[in-house]
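Survey of secondary and tertiary structure
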Amino acid sequence: MKRYVVTGGAGFIGSGLVRALLARGDGQVRVIDNLLTGHEKNLDEVRPRIAFDRCDIRDYDAVAAAVSDAEVVFHLAAIPSVPRSIREPVPSHEVNVDGAFNVFRACAEAKVQRVVYAASSSAYGDTEVLPKVETMLPRPKSPYAVQKLLGEYYASVFHSSFGLETVSLRFFNVYGERQDPSSPYSGVLSLFMRALIERRSPIIFGDGEQTRDFTYVEDVIGLCLKASDSSGVGGKMYNAGNGGRFSLNHIWELLQKIEGVSLPPRYAPPREGDVHDSQADTTLAQRDLGHDPQYTLEQGLRRTLAWYRTSC
Ligand code: UD1
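Given the structure is predicted, the values throughout are model-derived calculations rather than measurements. (Residues numbered from 1 in each chain as written. Predicted model: local features only at pLDDT ≥ 70, side-chain atom pairs only at ≥ 80, totals over all residues. Heavy atoms only, no water.)

Quick look at the packing of aromatic side chains
For clarity, the cut-off: Pairing of aromatic rings covers Phe, Tyr and Trp, the last through its six-membered ring, and needs centres within 6.5 Å; plane angles under 30 degrees mean stacked, over 60 mean edge-to-face, and all others mean tilted. Think of it this way: any DSSP run of H or I at least four residues long counts as a helix, any run of E at least two long counts as a strand, and we number them from the N terminus. Accessibility here uses a 1.4 Å probe with only protein chains present; expressed as a share of the type maximum, an area under 20% marks a residue as buried, one over 50% as exposed, and anything in between as partly exposed.
Evaluation of the coordinates by the stated rule reveals 12 aromatic pairs. Taken together, a centroid distance of 5.8 Å and an interplanar angle of 35 degrees make the contact between phenylalanine 104 and phenylalanine 158 tilted. One end of the pair, phenylalanine 104, is in helix H4 (residues 89-109); the other, phenylalanine 158, is in helix H5 (residues 143-162), and 54 residues separate them in sequence. Relative accessible area serves as the criterion here: at 4%, phenylalanine 158 is assigned to the buried category.

What to know about the nonpolar core
Stated formally: What is meant by a nonpolar core is a set of buried Ala, Val, Leu, Ile, Met, Phe, Trp, Tyr and Cys residues, joined one to another through side-chain atoms within 4.5 Å. Contact definition: two residues touch when any of their heavy atoms are within 4.5 Å.
In terms of nonpolar packing, the biggest core is built from 59 residues, with Ile13, Leu17, Val18, Phe74, Leu169, Phe171 and Leu301 touching the most fellow members. Apart from the residues lying within four places of it in its own chain, the contact partners of valine 18 are Val6, Gly9, Val29, Val31, Leu43, Val46 and Ile50.

Thoughts on the pairing of strand E5 (residues 114-120)
Put simply, the rule is: Between any two strands, at least two bridges found by DSSP are needed for them to pair. When the strands point away from the viewer and the path from the first strand over the helix to the second turns clockwise, the crossover is right-handed.
Summarising burial for E5: 7 of the 7 residues are buried, a large majority. On E5, burial covers both faces: Arg114, Val116, Ala118 and Ser120 on one face and Val115, Tyr117 and Ala119 on the other are all buried. Note: strand E4 (residues 72-75) against E5, 4 bridges, orientation parallel. Paired with valine 73 across the strands is valine 115, a residue of E5. The sheet contact formed by E5 and strand E6 (residues 166-171) spans 6 bridges and is parallel. By the bridge assignment for E6, alanine 119 is matched with arginine 170. Taken together, E5, H5 and E6 constitute a β-α-β crossover, and its handedness is right-handed.

Some points on a nonpolar patch on the surface
Stated precisely, the cut-off is as follows: Here a patch means residues that are over 30% exposed by relative accessible area and free of salt bridges, tied together within 9 Å if like-charged and within 5 Å if nonpolar (Val, Leu, Ile, Met, Phe, Trp, Tyr). Using a 1.4 Å probe, the Shrake-Rupley method yields the accessible areas, and only the shown protein chains count as cover for residues. A side-chain nitrogen of Lys or Arg and a carboxyl oxygen of Asp or Glu constitute a salt bridge if their distance falls within 4 Å.
Side chains of Val146, Leu150 and Tyr153 sit close together on the surface and give an oily, nonpolar patch of about 240 Å² of accessible area. With respect to the element layout, valine 146 can be found in helix H5.

Section: helix H1 (residues 12-24)
A turn of α-helix holds 3.6 residues, and therefore any two residues three or four places apart point the same way. Our working definition: Take the number of residues in a helix, subtract one, and multiply by 1.5 Å to get its expected span.
The first and last C-alpha atoms of H1 sit 19 Å apart over 13 residues, in line with the 18 Å expected at 1.5 Å per residue. Extensive coverage of H1 is indicated by the burial of 11 of its 13 residues. For H1, the full list of buried residues reads Phe12, Ile13, Gly14, Ser15, Gly16, Leu17, Val18, Arg19, Ala20, Leu21 and Leu22. Considering only its buried residues, H1 is in contact with strand E1 (2-7), strand E2 (27-32), E4, E6, strand E7 (174-175) and helix H7 (217-229). Two residues or fewer past H1, glycine 25 is found with a positive phi of approximately 70 degrees.

A closer look at the site of the ligand
So the rule is basically this: Residues are classed as near a molecule or strand on a simple rule: at least one heavy atom within 4 Å of it. By the criterion applied in these results, polar contacts are pairs of N or O atoms within 3.5 Å in which, for protein atoms, one can donate a hydrogen and the other can accept it, and in which residues neighboring in sequence qualify only through two side-chain atoms. Polar here means any residue outside two lists: the nonpolar Ala, Val, Leu, Ile, Met, Phe, Trp, Tyr, Cys and Pro, and the charged Asp, Glu, Lys and Arg; Gly therefore counts as polar.
Near the ligand lie 21 residues; those nearest to it are Val188, Ile203, Arg212, Arg271 and Asp274. In the environment of the ligand, an oxygen atom lies 2.9 Å from a nitrogen or oxygen atom belonging to the backbone of serine 81. Out of a free accessible area of 740 Å², the ligand has 91% covered by protein chains. For the shell around the ligand, the element with the most residues is strand E8 (residues 203-205), which contributes 3 residues. Counted by class, the shell around the ligand contains 10 nonpolar, 8 polar and 3 charged residues.

Re the packing of helix H6 (residues 188-197) against helix H8 (residues 248-259)
Under the convention used in this document: Angles run from 0 to 180 degrees between N-to-C directions of axes, and those axes are lines fitted to C-alpha atoms, restricted for helices to the stretch in contact. Crossings are sorted by hand: turned counterclockwise from the far helix by less than a right angle, the near helix makes the crossing left-handed, and turned clockwise it makes it right-handed.
Contact geometry of H6 with H8 gives a least axis separation of 11 Å together with a crossing angle of 35 degrees. As for how H6 packs across H8, the hand of that crossing is right-handed. Two secondary-structure elements touch here, H6 through Val188, Leu189, Phe192, Met193, Ala195 and Leu196 and H8 through Leu248, Ile251, Trp252, Leu255, Gln256 and Glu259. Among the residues making up the contact of H6 with H8, the classes are represented as 10 nonpolar, 1 polar and 1 charged.

Printed below as a string of structure tokens:
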């Protein structure tokens, strides 16, 4: 039996990953989460099958205890959101940088076999060329982007200096079931879904022509599992995206069509630190990790919408 630990396991992506690990049926799953942005209800029906530590990754001793006998650790705990990192840079830095350092340090001490780290596409910033390739020089535009990039650098150096097998995955705007729409910092698609169901117009920051490589959560989870199993990838970083690029205006049009409604968006000034365009080159992840996204944007949106209809 393997021993898995998922930090941020009560969060949107983490709770999906927990379910995928349980479905594999080859190990025990432990979740670390401080429930700051995660929710225990995300784990409701799987709760009896996992161990749950309500602890904070800023607390080194608590992290060290939780990973002491782990073989594979998925480090997903973070305070996400670009605007939140501008408005509240201190907690964001402490969790995303100091917390990540604690996780890597504890994993190195415990001789964990593999750590998969949730990095972010925000590290690229605005690039002249699309899609974005792993070899491009990072140009972070916000504290959040810097913090996630630092985590990546630490992941790489914990491999080269301490022999810890780490793999960083730069997540590209993940959406899907259990993404929390209740905060102003929530991911845009969760806000769009809720607005659609409540028959409200969404707010679009800027002219809506900014683009994102929206990636369905099950595809990112699949890649996390592959990154935990692949050999010869220690210390490396890969894009975790779908490879497409859609504007917010296009997505809102599509959602209105799926739902058969007409709700013109309200436009507001662009957000500080916002990247204009984002699209992953998936070549390296395909070659080294066998990345193979299964869901088109419309399939992912339809599945996600079905979930929000029954859960929101
Ligand atoms: C960024 C990262 C992403 C990371 C996420 C964590 C990039 C390209 N992506 O996402 O990898 O996982 O941070 O939080 O940097 N918007 C609206 N209306 C709203 C809310 C948002 O128009 O009500 C707009 C934003 O201004 C932005 C886009 O939607 O242009 C996406 O915003 P959001 O979902 O917050 O994610 P990013 O900041 O792109």
